[in-house]
Amino acid sequence: MPNTFKHTALKVLKITGISIAVILFLLFIIPLLFPGKIASEVKKIANERLDTKLDFTKSKLSFFTHFPSLTVSLDNLSLTGSKPFSNDTLLSAEQVGFGIDIKKLFFDNEVKINKLYVSDALINVMVNEKGQANYNIYVAPEDRKDEKKDPNAPEEGTAIRLERIDLENCHVKYNDRSAKILVDAKGFNYVGKGNLSEDIFDLATDARIENLDFFYDRTGYIRKKEVRADLITRINTNSLSFILQKNELRINKLPLKFTGLFTILRDGYKINIKALSENTTVKDLLSVMPPEYLTWLEKTEISGKSDLLLTFKGDYNVSKKQKPNLAFNLKINEGSVNHKDAPVPLKDFQMDLNAILPSLDTEQLLVNLRTLKFKVGEKDYFNAYLHSKGLSEMTIDASIKGALDLAVVDAALGLSDFDVKGILKTDLQAKGLFSTSKKLFPKTIGGISLRNGWLKTSYYPNPITNITFVANMLNKAGTFQDLIVAVAPASFTFEGNPVYVNATLSDFSDLAYNAKIKGELNVGRIYQVFSQKGLDLTGYAKADLSLKGKQSYATTGQYDKLDNKGTLILKNIKATSELFPKAFFIKQGNFRFQNEKMWFEKFNASYGKSDFDINGYLLNTINYFLESNGTLSGNFNLKSKLINVDEFMALEKGENKDRTIAVEYAKEDHPKMSGVVIIPKNLNVSLNANADKVEYNGLVINKLNGKTGIKKEGFYLENINFNIIDCIVGINAFYKDESPTAANFDAHFTAKDFDVQRAYKEIPMFHDMVSAAEKAHGIISVDYKVKGDLDGNMGPIYASLNGGGTINLRDVKVKGLKLFDGISSKTGQDGLNNPDMKGIEIKSTIDKNLINVEPFTFSVAGFRPTIKGTTSFDGLLDLRMRLGLPLFGLIGFPIVITGTHEDPKIKIFSKTGQEIDPAVYDKKRNKVIKKEKVSTSKTK
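Residues numbered from 1 in each chain as written. Predicted model: local features only at pLDDT ≥ 70, side-chain atom pairs only at ≥ 80, totals over all residues. Heavy atoms only, no water.

Draft legend 1. Layout of the overall build of the protein. A count of helices and strands for the protein gives 13 helices and 48 strands. Across the 940 residues that make up the protein, the buried fraction comes to 43%. Considering only contacts in the protein between residues 6 or more positions apart, those separated by 24 or more positions represent 51%. If you sum the accessible surface of the protein, you get close to 50,300 Å²; carbon and sulfur atoms cover 55% of it. (Helix = DSSP H or I, 4+ residues; strand = E, 2+ residues; numbered from the N terminus. Buried < 20%, exposed > 50% of the residue type's maximum accessible area, 1.4 Å probe, protein only. Contact = heavy atoms within 4.5 Å. Areas by Shrake-Rupley, 256 points an atom, 1.4 Å probe, with all protein chains shown as cover.)

Draft legend 2. Spotlight on the packing of aromatic side chains. If you walk through the whole model with that rule in mind, you get 24 aromatic pairs. Ring geometry for Phe 580 against Tyr 607: centres 6.2 Å apart, planes inclined by 75°, an arrangement best described as edge-to-face. Pair noted here: Phe 580 is in the loop between β26 (565–575) and β27 (584–594) and Tyr 607 is in strand β28 (residues 597–607), with a separation of 27 residues, a long-range link. Grouping residues by exposure puts Phe 580 and Tyr 607 together as buried. Relative to Phe 600, the ring of Phe 591 has its centre 4.8 Å away and its plane inclined at 90°; by these criteria the two rings are edge-to-face. Here Phe 591 and Phe 600 have matching classes, each one buried. Above the plane of the ring of Tyr 716 lies Lys 711, whose end atom (NZ or CZ) is 5.0 Å from the centre. (Phe/Tyr/Trp six-rings, centres within 6.5 Å; stacked < 30°, edge-to-face > 60°. Lys NZ or Arg CZ within 6 Å of the ring centre and 35° of its normal.)

Draft legend 3. Geometry of the pattern of salt bridges. Throughout the structure, instances matching the rule amount to 21 salt bridges. Among the ionic pairs, Arg 758 bridges to Glu 762, the shortest N-O distance being 3.1 Å. Remark: Glu 762 and Arg 758 occur in helix α11 (residues 756–762); sequence separation between them is four residues, near one turn of the helix. For the salt bridge of Asp 836 with Lys 813, the shortest nitrogen-to-oxygen distance reads 3.2 Å. In this pair, Asp 836 sits in strand β39 (residues 836–847) while Lys 813 sits in strand β38 (residues 802–814), placing the two residues 23 residues apart along the sequence. Counted as one network, the salt bridges with shared partners bring together Glu 129, Arg 177, Glu 668 and Asp 669. (Salt bridge = Lys/Arg side-chain N within 4 Å of Asp/Glu carboxyl O.)

Draft legend 4. Geometry of the pairing of strand β19 (residues 418–435). Note that strand β18 (residues 393–405) and β19 share 13 bridges and pair antiparallel. For Gly 402, the partnering residue across the bridge sits in β19 and is Thr 426. Inspection of the sheet shows β19 paired to strand β20 (residues 443–457) by 13 bridges, in the antiparallel sense. Pairing of Phe 418 across the sheet is with Thr 457, part of β20. (Pairing = 2+ DSSP bridges.)

Draft legend 5. The nonpolar core, seen in detail. The biggest cluster of nonpolar side chains holds 104 residues, and the ones touching the most others in it are Phe 754, Phe 766, Ile 780, Phe 820, Ile 823 and Ile 897. Excluding anything up to four places from it in sequence, Ile 823 contacts Leu 832, Met 881, Ile 895, Ile 897 and Ile 906. By size, the runner-up hydrophobic cluster in this structure holds 65 residues, among which are Val 118, Phe 188, Leu 254 and Leu 297. (Core = buried A, V, L, I, M, F, W, Y, C linked by side-chain atoms within 4.5 Å.)

Draft legend 6. Broad picture of the side chain of Asn 564. Within the element layout of this structure, Asn 564 appears in the loop between α8 (551–555) and β26. Among the polar contacts listed, one links the side chain of Asn 564 to the side chain of Tyr 513, at a separation of 3.5 Å. Of note is the side chain of Asn 564, whose polar atom sits 3.1 Å from the backbone nitrogen of Lys 548. Non-local contacts of Asn 564, meaning those with residues more than four positions away in its chain, are made with Tyr 513, Ser 546, Leu 547, Lys 548, Phe 593, Gln 594, Asn 595 and Ile 622. (Polar contact = N/O pair within 3.5 Å; in protein donor to acceptor, adjacent residues only side chain to side chain.)

Draft legend 7. Highlighting the environment of Ala 776. Summarising the element assignment, Ala 776 is placed in strand β37 (residues 776–790). Assessed through its relative accessible area of 6%, Ala 776 is described here as buried. Sequence separation between Ala 776 and Tyr 760 is 16 residues, and the spatial gap between their C-alpha atoms is 9.2 Å. In this view, Ala 776 contacts Val 756, Gln 757, Val 812, Lys 813 and Val 814; residues no more than four positions away in its chain are not counted.

Draft legend 8. Representation of helix α6 (residues 406–413) within the structure. Residues of α6 that are buried: Leu 406, Val 409, Asp 410 and Ala 412. Each buried residue of α6 sits inside an arc of 165° when the element is viewed along its axis, so together they form one side. Where α6 is buried, its residues contact β14 (325–339), β15 (346–357), β16 (366–376), β18, β19 and β20. Of the residues one or two after α6, Gly 414 is the one with positive phi, at around 65°. (Arc of directions from axis to C-beta.)

Draft legend 9. Molecular detail of the pairing of strand β30 (residues 632–640). As judged from the seven bridges shared by strand β29 (residues 610–619) and β30, these two strands associate in the antiparallel manner. Across the sheet, residue Ile 614 finds its bridge partner in β30, namely Leu 638. Relative to strand β32 (residues 683–696), β30 is paired through nine bridges, and the arrangement is parallel. For Leu 638, the partnering residue across the bridge sits in β32 and is Ala 689.

Draft legend 10. View of the environment of Tyr 513. When you line up the elements, Tyr 513 lands in strand β24 (residues 512–522). Along the chain, Tyr 513 and Ala 486 lie 27 residues apart, while their C-alpha atoms are 10.0 Å from each other. Beyond its immediate chain neighbours, meaning those up to four positions away, Tyr 513 contacts Thr 504, Leu 505, Leu 547, Lys 548, Gly 549, Lys 550, Gln 551, Leu 562, Asn 564 and Ile 622.

Draft legend 11. Main features of unusual backbone geometry. Going from Lys 83 to Pro 84, the amide bond is cis rather than trans, its omega being 5°. Following Ala 488, the chain continues to Pro 489 via a peptide bond in cis, the omega torsion being -5°. Note on placement: Pro 489 falls in strand β22 (residues 484–494). Look at Asn 76: it is not a glycine, yet its phi comes out positive at around 50°. Within the element layout of this structure, Asn 76 appears in strand β3 (residues 69–80). Phi at Glu 334 takes a positive value of approximately 55°, unusual for a residue other than glycine. Inspection of the secondary structure assignment puts Glu 334 in strand β14. On the accessibility criterion, Glu 334 (65% relative accessible area) is exposed.

Draft legend 12. Quick look at a nonpolar patch on the surface. Together, Leu 887, Phe 888, Leu 890 and Ile 891 line one region of the surface with nonpolar side chains, adding up to about 550 Å² of accessible area. Summarising the element assignment, Leu 890 is placed in the loop between β42 (877–884) and β43 (892–899). On the accessibility criterion, Leu 890 (69% relative accessible area) is exposed. (Patch = residues over 30% accessible without salt bridge, like charges linked within 9 Å, V, L, I, M, F, W, Y side chains within 5 Å.)

Draft legend 13. Representation of the confidence of the model for the protein within the structure. Looking at the protein as a whole, its pLDDT mean stands at 83, while 87% of the residues score no less than 70. When pLDDT is averaged over each element of the protein, strand β31 (residues 643–644) comes out on top at 96 and helix α1 (residues 2–33) at the bottom at 49. Confidence drops under a pLDDT of 50 for residues 147–159, and excluding neighbours within four residues, the segment shows 20 contacts in the predicted structure. (pLDDT = per-residue confidence, 0-100.)

Draft legend 14. Here's a closer look at the side chain of Thr 426. Within the element layout of this structure, Thr 426 appears in strand β19. Other than its neighbours up to four places away in sequence, Thr 426 contacts Phe 382, Ile 400, Lys 401, Gly 402, Gly 447 and Ile 448.

Next comes the structure, spelled out in structure tokens:
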């Protein structure tokens, strides 16, 4: 019996060992049996079903990558987006794996993909301002070139029938410019399971995001939040619809439940989503605050209940101008905030806010803040409500009442970075219509006051003291004309220096103002009070101003009725403009106000390497700042040692982070471009300029002087002279920017007696327009008019150029030009190959990348050649020559030159050339549609 048991046990172990060995052998050998088929099938899928570019460095087949699935893995995969994002990445991943159905592979010899694994990937979804998205890469069956004719025929080859989607440590970015939405999710981990092979199936999802950012219109509403999600979503693949059934999210500690429908259309979305957080604690609600406030949250005792409801419903289609409705409701009851050991808490906090944004149109915005109130201690309180409809034309019913001891509020809230004191009182009611176009203002009565104010922050050791602010507003009739605003007094003391402001404003339809401002201020230090240390705003300001008058006095020329006087002194002030990448540094600015003029008596400033010394005056300064469409006029004298135009280009690097959204988008789209110079709008300013040196795109211009200025949103040069390559150049020109990456110009250049070789080597535009100058030596003059467009690096787009003019060859020697060498060789006349050209005038015109040369005649070795025809900026030739024979050239024969400057084709005794078709240029998009090329038709 023992022998029998022993024998049986050995047999079982032997069979088990052999089985394990066979299984391990198969796990290793199966991937080796199908590698070619697998790789070819992956490429076949990409070619058949994706209208985009798919790349990967290598592929491998293994059971051990995602055991026990047989997985084909693609390393370093990259996938570009659909048009117009064909050059932008949609997906890049260290590894993408496709799980293979073993049964189908062995028994049906078919590759069926049933699992998808993506790790360490960037998923970059983009939608432009027109609503065009980069994810439309899938080719529908009816659009596939090799689709089977018989729809009932059995499917062959590879199919995708997913049962599992697994994303590990991905970075998901959704940037929708049409909706002004940016979602940035880092550390995105996702597992989705379901019978994805069905047309309609339920997808069970477990998702985790380590850091989530959400921006709307460039404002961050959610930043660096942790997200957990447990979801069940019904997916209809026929319509790409997602029905949210069980969808529970947790953003930090705030729970949210999502229900509804989301359908992806080729040109937009269909949305009906509801997000709900019921009976949540206020502390959990506040956990979605920005990260810098979470430490404060941990140290603060917070109580109260909140209800949050968000709905998003409707169709989104940019081309049809359809947008969904957004609604938001937040209620907070019995709220209380008590930081550490505050003497009294902020209590009885109540808030009931409902906001509706129909079609995402701010002009239809409805805000209903039914109540916002709280108490601090027994006496202090704050109570407000607001009902509004619209934006630029807004119906308002609002009330604010309160009496607060700010020191007590500060203690209750535990404001760590701020210490405030003072008695703040508000009592303000407004009801009616606000409309700047109709000159209407709500009926208003009340004011706001702050007494014995005191402010100290952690950013600066000394406080602002003696803060007094009393402002009253009255409007009985509901019009601009009846509105009165009085600020008297407003004052504070900082670093021992008092600042006083008294002002009365009335009749806002024709603003009457009476203001007095006096005081000294260390701008750099007071900036540190409100901001972090290390930022670069410094300087000093001193004002003693008295301003009195009405807007119409300046606009109608009644300057004698104005009583504006006083001085303003600025020193070492840094200031930025959203138009330029760098900051302006005002070393010294002495300004004097005299009625309608603001005199620049001493103004020294720099911008990067550029410096400016200005004196002169501005007109209409007060109206310019009061009116959104006002125009600022002025006349100045400007001196500079250096103006570096390159530093003003919109996309250049600089310390200014507050740029226009158009500039920020352009920087994202064109990271290698410098951009063009953006000209400030609503200016009519002239400058008598005198600059020692101007640098632009590698050119160095010396001794520039003449009249420049800004008008009608463009920059002009009038009778400007400057020195370049030791030659005096005259120019009249107008420049206008169209976008951060496009501009146009219209210029007239004159230059007399300059070295043609230096011009060819040192001036790019001359190099391209007069390519034959490479082999020329001597002195020439130019008188040329040209207009066209500039690209994103401020260089000319040659296909856009249009103009004409004259080049005068005073004394030029041409040596080694292939065109003349070829003519000399073909005719057997050596004297033609290196002609001396004196006193010759060449007229030409430019259009659509072609240069059309009018006939010109010169003498060489007794011959009188006459040349005319067409050449292009890319070197194509279609020239005709008549070679007049000695004596006097009365008898001659024709020659045709085609080919290129580098390889001219010369035919003697011929009149038949090869026409050049011009380039096709789209001015609206600043884009060359088609380059010029040799035509199939002959010319004579």
